[in-house]
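Below are the chains, spelled out letter by letter.
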Number of protein chains: 4
Amino acid sequence: MRVGVVGCGYWGSKHVRVLSSLPEVESVIVIDPDRSRRDAMTSRFANGDFPDLTSALSSVDAVVVAVPPKLHREVAAEAITAGKHVLVEKPLATSTSDARFLVEQAAHAGVVLMVGHTFEYSGAINELRTRIQLGDLGDVQYIDAAWLNLGLYQDDVNVLWDLAPHGISICNYLLGGQPARVGAWGSSHGNGGTREDVAMLQLQYDQPRVTAYIRVSWLDPAKVRRVTVVGTRRMAVFNDLAHAEPLRIYDRGIDTDNESDYSASTLTYRYGEIVSPYIAASEPLTLEVRHFLECIATGAAPRSHGENGVAVVAALEAADRAIATRSLVDVPGAISLLPAFNGNDATVQIPEEMVG
Amino acid sequence: MRVGVVGCGYWGSKHVRVLSSLPEVESVIVIDPDRSRRDAMTSRFANGDFPDLTSALSSVDAVVVAVPPKLHREVAAEAITAGKHVLVEKPLATSTSDARFLVEQAAHAGVVLMVGHTFEYSGAINELRTRIQLGDLGDVQYIDAAWLNLGLYQDDVNVLWDLAPHGISICNYLLGGQPARVGAWGSSHGNGGTREDVAMLQLQYDQPRVTAYIRVSWLDPAKVRRVTVVGTRRMAVFNDLAHAEPLRIYDRGIDTDNESDYSASTLTYRYGEIVSPYIAASEPLTLEVRHFLECIATGAAPRSHGENGVAVVAALEAADRAIATRSLVDVPGAISLLPAFNGNDATVQIPEEMVG
Amino acid sequence: MRVGVVGCGYWGSKHVRVLSSLPEVESVIVIDPDRSRRDAMTSRFANGDFPDLTSALSSVDAVVVAVPPKLHREVAAEAITAGKHVLVEKPLATSTSDARFLVEQAAHAGVVLMVGHTFEYSGAINELRTRIQLGDLGDVQYIDAAWLNLGLYQDDVNVLWDLAPHGISICNYLLGGQPARVGAWGSSHGNGGTREDVAMLQLQYDQPRVTAYIRVSWLDPAKVRRVTVVGTRRMAVFNDLAHAEPLRIYDRGIDTDNESDYSASTLTYRYGEIVSPYIAASEPLTLEVRHFLECIATGAAPRSHGENGVAVVAALEAADRAIATRSLVDVPGAISLLPAFNGNDATVQIPEEMVG
Amino acid sequence: MRVGVVGCGYWGSKHVRVLSSLPEVESVIVIDPDRSRRDAMTSRFANGDFPDLTSALSSVDAVVVAVPPKLHREVAAEAITAGKHVLVEKPLATSTSDARFLVEQAAHAGVVLMVGHTFEYSGAINELRTRIQLGDLGDVQYIDAAWLNLGLYQDDVNVLWDLAPHGISICNYLLGGQPARVGAWGSSHGNGGTREDVAMLQLQYDQPRVTAYIRVSWLDPAKVRRVTVVGTRRMAVFNDLAHAEPLRIYDRGIDTDNESDYSASTLTYRYGEIVSPYIAASEPLTLEVRHFLECIATGAAPRSHGENGVAVVAALEAADRAIATRSLVDVPGAISLLPAFNGNDATVQIPEEMVG
C-alpha cells in the first residue's frame, strides 16, 4: 500500500509519522506546495514528495487529506475520482452538501471514504461506549463536553468547525445517533472580532432523548478536553489529558422513592465508589490509520464512515445557522446511525442506502 | 444588636453559627415553624427562638431572611415595615418587581437592605477585582463561570435561580455593571422533567463589552465552583474549591503584529508565568455578616446593596424568559453600577436615585 | 458525664468544641492557667472553667489531657489518681517508662486510659484496615508515610514526637503489631539547629515482616498527610487531604512466572483499575471522643488503649536513640498487638496481661 | 559526525531517535547483539548496524554507551582507546575506580567523555539552578527528592543505581558540590529479596551545608519524579510529571524576630505568592545530545563531564556501603565541583587536575 498525505501541517505531519511506522505501508508520499515542509518530512519519514496531488496520483493507492477544511471537498474529490481510497481529516467538508457529495462520489467510485474522527478510536471512549451499551450507566440523560485551549486560531473556519467536531463525533458515537436540533452561541474576542473564538453548542437528540452541551474556545488559559456523561445509574468523565486515568466512572445518582413524585423533597442522592478502569495506552491516530488500511484490505465500511462525517458537518452547519439566527435549528435529514452492538466490537453496520 | 434569623435550613443555620461567634451581636434569635430545627440551634448557638417572624419582631433589631426564595418578598417586607434592617439571602426575590419593591420599601423605611451575595466578600474575588481595576488583566474580553454539583434540588425554583446568582453577582461585581442582554438554555433530567436542573447562561455586557457564559447544574458527578476571566493582557482563574490557591493569574495572551490584521497567521501566543497570589483565609460569610452590622452602625450603603440584588434578579428573570422564548432577551433598565474605585477599597458609591 | 479539658491550645480547643456538641456530655469544663484562653472557650462552648486541674477535680468525671507532651505524665497521673477516666493526646508521654507508668496506674485505679491516636478513628483508615485484613491487598510488603507542612514548630519536642505519632499509630493499627527495630535520621534547619525539624523513620516489623518508612517535616512548602501501602496483590494510598477521595486502591502489582526465579527478566507488571471506595464523611475526632465516652459507659478497653500509646512512645524513643547513635535500635519489649478480626469491627481484644 | 549507539534497549533506542533527527549527525549506527532490536531501529531511524562495537569502530566518530551499567567500563574503554568521543548513560560505571579509570583514559586519549545526567539539561532544573545561584531562594537548607514508580526492575543493579543517579546528579548540580557523607537504607520486597527495590538516601553536603534526602522505589503505585528545595527565603518544587508547570516557587518561610532565639514561640511563618515560571518545552535528551556534539566540535568540557559522573558513582558506592554497614559513610575524595556562575550560562570550569 502506497499512501499519500496531502498537507503537511499540524495533522498532516502526524499522519506521515504514523504511516511511516506501519509495516503494512510500503511508501509514504508527502504532497504540499511548500518545499521546506516536504523536506522536513522526507528527511525523516517519507519516501517521496510532490508539490500537488495531480502529479502524485500515479504514485499512491490511498490518500490522507489534511489540508485546510475549505479545500477538503476539492482535494478529496480529485482523489476519489482517480479511484483512490480517502481518509479526510475532520470536518469532512465545510457544508453538508459538499460532505454528501463526497459520500456519493466514493460510493460511485467504489472506494473507501473515511473521516478522521480520532476519538472514535480512543481506548477510553470505546470503553465508555461499551459500558453505555451494556447499560452500566443506565439511561444517558445528558452530556457535557469541553474543548478549550489558547489558540490555535484558524484562518478559514471559526472555533466551532475547528474544535467542535471532536465533541459532536464523540456524542454521536456514544449515543448511536445524531442530534435533531442544534442551538449555538458564539462570540469573538481575541482576533478583532473576525470569527467566533468562543462558542457553546446545545445538541438535542431524540433517540435516545439526550441533551448535550459542548463548549469550545481558542481563548482559555488552561487546556481542557473533557466529556461528562450523566446516566440514571452512573456518571462518567472522560478526560483526555489525564493520561493515567482518562476515564472515571462515578457510582452516583439521584433516586426517588416514588416514580411519580419528583419533588425535590423526595429525592435522595446516592454516592458510591469511583472507578478508573485500566485503559491500555495506545495512540488513537495509529488505530485510526490502521483501521483505514484494514477497511481498504477487507472492503468493510469504516467505523467513522462518510455518513458519520456528514452527520457532524450537518450539526456544524446547523450551529452556524443557529448563531446567525439566534434560534434553535432543525438538522435536516437526521437519521439514526445506531450501530449494531456486539460486545466489545464497535464495528458499525451501515444501512445499504447510506453507503451508496 | 439583636439579630433574628428566619429559616433554619442550610443557609440559615450557617448564619446562626456565624452570628453567635461575633462579639458585636448581643443575641441571636432563631425563627422557624419547625420546633426541632429551632431546638438544634438553641441548644448550641442561639439565645432565643420563635415560630414566626411576627411574634419575634419586638425581640430583634435586624433580620436575616433565609427562607425559600419564593417567600423572600413577604418575609423581608414584614421586617422592613417593622423598621428592621434586613439581610436577604440571594436571590433577593423571585421577580424584578418584587425585588424593586423591597428596595423602595427599605429606602422609605430608612433601614439597611442588603442581599447575601457571598462571593462579593471573598478574599480571592476581591483580589481579582482589584487586579482587573488596576488594569493587570488588560481589557476583560470574556468570562466563563461554572457552578456544578450533584443536588441539592430545590422545591420552589429551578437550577438557575438556585446556583446562577453566584456567577451573575460575581460578573456584575467584577465588571461594575449589569448585562444588557441575556440568552439561556435549560434542560431537565433528574427530576422527571419538572424543572430545569442543567442550564447555560449567556450574559452580554455593553459597558465594558464582555460576554460571560455561566453553566449551572444539579446533575454533575464533580463539584465545580469556578470563574475564568480572559483579558487582553492576562487571564485569571478563580476556583473556590482550591483552598490553597483559589486564584491563579496566567500571564498568557494573544498578540498581533498589526493592529488591523487579525488573520490567524499573524497571531502569536504569549506564554508567561502563572502566579497564585497569597489570599488570607477568611470566611466570606463572616465578612458579609460583619459588613451588614457595620452598615447598620454607620448608615453606609452595603456593597451588595438592594439594587445589586435587583440586577441579579433582572438577569435571572430575563434568563427564564430566554429559555421560554428561545431567544436573546433584553434586560430592562440595565444601568451602570460601576463602583468608584479607590485602591483596595471596594466600597460602592451608589447614585442618589438608586437608593431612594 | 462531666468532662474537663486540660490545655486550651490547638488540640484542646478542638476537644472542647466536639465535646460541647455531644448530647451525652452534661458539662464541659476548661482548665488552663491562661484566663483569656479559658474565656474564649466559655463564651461559646464550655460550661465552666478552672485555672488548674486540682481545683477542677471535683467538677469532672473524665479528663482530656491536651497540654504539651512533657506535661502529659504529671497531669494524667493526677487525674487517674483522683479516679478520673483519662483521654491523653498523642504521644501518651515523652518516655516509655512514663507511658507505662500511666498504663499501670490506670489499671490500678480501674479507670479508662485512652490515647488520642485520631487516625485509628478515621473512616478511610478503617476501610483500608478492613481490606488488608480481608486479604484484598495480599500480603503487605511495605508502607511509606509522610506528614509534612510548614510549621508548627513545637517548644518542647522535635518533629518526630510532634508528627510521627500519626504515622506510627497508623502502621501499628494496620499491621496489628509494633516494630521490632527502628532506624531514624534527623536534621535541623529552620530553627537555628536547636531541634530536628526534618526526620525520616524506618520501622522494621517482624510479624508480619514489613518495612515502613515515615517522613516528617516542619519545613515543607506543601502540606502532605499520606500513607502508601504496598501489598502483593494490590496497593493503596490514603491521602487525608483529598477530602473527596481519601482512599484509593490500585489493582497493580508484580507477578513472576516462576516462584523461585525473581530475576528482573521474569517479572511482569500488572495494571488494573483504580477504585476510590465511598467513605462517609465523619470527623475522626468526634468518633474518637464518642468511643472514649462509650468505653467509660461499658467498661470496654478502648481501641487506642494505653498499651497502644506505649507502643508508639517506644518507637519514638528508639528513633531518638537511633538518631543519636546513628544505628538501628531494637524496640524493647515489642509485643504483638494483633487485634482479633471479625468483619468490619475493629474492636481490639487485648491480652489480659497488657491491660494490667 | 557519525555516531554509534551501543545497546538498543529503553535508553539506547531513545538516543537513536534523537540522533536521527539532528541535521548535524551524518549517520546513526546501531550496535547490539540482538538482530531484531537492530532491525527495529534501522527500519525507521538508523543508517547502519553492527552486532558488536569492535566491528563498528571504523564506521563511527563518537559512541553512545547504553548497555547495562555493569558493562559501561568495558564498552566505554574500548571506544575511548579507539579514539572515539564517548557519551555514557548514567551511572558512568558501577564502581568509583572504574569511573575514575574512564576519566583518566579519556584525558589521555584526548576525547570527550560525557555522562548522561539528563536532568542537568532540563529547562526547569536550569531555571531552578539559576534562581538558587542568584540568591532568590536564600541559603539552601535542605532538599527532598523522590523517584518512584512500579518497575522496571533491573537485572544487574539495585534500585539505588537505577533511579538515584537522577536525584544525586540534580543535587550536585544545584549545589555545585558533592556530598561528604552518605547514609542509606534499603529493603527488598517485590523480587523475592534478591536486590533492594526500595531505598532512602541521606546526603550530607558540607559546602554549602545542606542535607538532601532521596527516596527511590520500584514498588509504588504512582509514578513520582520530584525535588523540593527549601531555602531560607523561598522554597521550590520541581515536578517532572507536571508538564505544564514543572517548577513552582513558593514565597514561604520561617522568620525569627531575634537571630539568637530560635525557640518555637518566636518563630513566625511567612506565606506569599506561588509562582510557576514559564519553562519552554524542550526535550532534555535532545539538548544533552546536542551539547555532546558541540563539545566534540569545540573541545569544551561538557557540563556533565566525567568527573561529575565519578561524583555520582562515589555517592552510590558509599550508599551501598552504608546499607551494608548500617552506618553513615564518608565519601572519599569529595571535592568541590562548584561551577563558575555567570548569569544563565551553566558551563562548568573544571580545575586542570580533575580532567587529567
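First, a word on what this report is: a plain description of the structure on this page. (Residues numbered from 1 in each chain as written. Chains lettered and ligands numbered in written order. Predicted model: local features only at pLDDT ≥ 70, side-chain atom pairs only at ≥ 80, totals over all residues. Heavy atoms only, no water.)

This part is about the interface of chain B and chain A. By a widespread convention, an interface's size corresponds to the accessible area lost as its parts come together. Counting residues at the interface gives 51 residues for chain B, matched by 52 residues for chain A. In terms of surface lost to chain A, no three residues of chain B exceed L150(B), W185(B) and P221(B), which account for 18% of the buried area on that side. Where chain B meets chain A, there are two salt bridges. A salt bridge links R215(A) to D144(B), with the nearest nitrogen and oxygen atoms 3.0 Å apart. Among the elements of the structure, β7 (140-150), β8 (181-187), β9 (198-206), β10 (209-217), β11 (219-231), β12 (235-239), β13 (247-256) and β14 (267-276) of chain B are those that each provide at least two residues to the side of chain B that touches chain A. For the side of chain B that touches chain A, the element with the most residues is β11(B), which contributes six residues. Among the residues forming the side of chain B that touches chain A, the class breakdown is 23 nonpolar, 20 polar and eight charged. (Contact = heavy atoms within 4.5 Å. Buried area = accessible area lost by both parts, 1.4 Å probe. Salt bridge = Lys/Arg side-chain N within 4 Å of Asp/Glu carboxyl O. Helix = DSSP H or I, 4+ residues; strand = E, 2+ residues; numbered from the N terminus. Nonpolar A, V, L, I, M, F, W, Y, C, P; charged D, E, K, R; others polar.)

Another aspect to go through is the sheet that holds strand β5 (residues 85-89) of chain A. Residue and element names in this part refer to chain A. The sheet built from six strands is open, its strands ordered β3-β2-β1-β4-β5-β6 with parallel pairing. Strands at the two margins of the open sheet, each flanked by one partner only, are β3 (48-50) and β6 (113-116). Sheet twist, expressed as the average angle between the axes of neighbouring strands with direction ignored, equals 20°. Against the sheet, helix α8 (residues 284-298) engages β1 (2-6), β4 (62-65), β5 and β6, with an angle of about 155° to β5. (Pairing = 2+ DSSP bridges. Axes fitted to C-alpha atoms, helices over the stretch in contact; angles between N-to-C directions.)

Here we take up the packing of helix α1 (residues 10-20) of chain C against helix α8 (residues 284-298) of chain C. Residue and element names in this part refer to chain C. Here α1 crosses α8 at 70°, and the two axes come no closer than 10 Å. Accordingly, the angle class assigned to the pair α1 and α8 is roughly perpendicular. Residues W11, K14, H15, V18 and L19 of α1 form the contact with α8, whose participating residues are L285, T286, E288 and V289. Of the residues belonging to the contact of α1 with α8, the class tally is five nonpolar, two polar and two charged. (Parallel < 35°, antiparallel > 145°, perpendicular 65-115°, else oblique.)

The next thing to look at is the side chain of T286(A). Residues and elements named next belong to chain A. Along the polypeptide, T286 turns up in helix α8. On the accessibility criterion, T286 (18% relative accessible area) is buried. If we ignore the near neighbours within four places in the chain, the residues touching T286 are V18 and L22. (Buried < 20%, exposed > 50% of the residue type's maximum accessible area, 1.4 Å probe, protein only.)

With that settled, the discussion passes to the packing of aromatic side chains. Under the counting rule described, the total for this entry stands at 34 aromatic pairs over all chains. Their ring planes at 20° and their centres at 6.0 Å tell us that Y278(A) and Y271(C) sit as a pair that is stacked. Of this pair, Y278(A) sits in the loop between β14 (267-276) and α8 while Y271(C) sits in strand β14 (residues 267-276), each in a different chain. Taking the centre distance of 4.8 Å and the plane angle of 45° together, the rings of Y153(C) and W218(C) count as tilted. Separated by 65 residues along the polypeptide, Y153(C) in the loop between β7 (140-150) and α7 (159-175) and W218(C) in the loop between β10 (209-217) and β11 (219-231) bring together distant segments of the chain. Using a relative accessible area of 0% as the deciding quantity, one classes W218(C) as buried. Above the ring of Y173(A), the side-chain terminus of R129(A) is found at 4.4 Å from the ring centroid. Sitting above the plane of the W11(D) ring, K14(D) keeps its charged end 5.3 Å from the centroid. (Phe/Tyr/Trp six-rings, centres within 6.5 Å; stacked < 30°, edge-to-face > 60°. Lys NZ or Arg CZ within 6 Å of the ring centre and 35° of its normal.)

Bringing the relation of the copies chain B and chain A into the picture now. Under the fitted operation, chain B is carried onto chain A by 0.0 Å of movement along the axis and a turn of 180°, and the coordinates agree to an RMSD of 0.0 Å. Here the transformation between the copies is reduced to the relation of a two-fold axis. Considering only C-alpha atoms, the part of chain B nearest the rotation axis is S327(B), at 3.2 Å. A symmetric contact is evident, with 100% of the interface residues of chain B recurring at the interface of chain A. (Least-squares fit on C-alpha atoms with pLDDT ≥ 70 in both.)

Turning our eyes to something else, we now look at the pairing of strand β13 (residues 247-256) of chain C. Residue and element names in this part refer to chain C. Of all 10 residues making up β13, eight are buried, and the element is well covered by its neighbours. Sheet topology places strand β12 (residues 235-239) next to β13; four bridges connect them, and they run antiparallel. Among the inter-strand pairings, V237 is bridged to a residue of β13, identified as R248. Strand direction decides the pairing type here: β13 and β14, joined by seven bridges, are antiparallel. Considered in β14, the bridge of T256 is made with L267.

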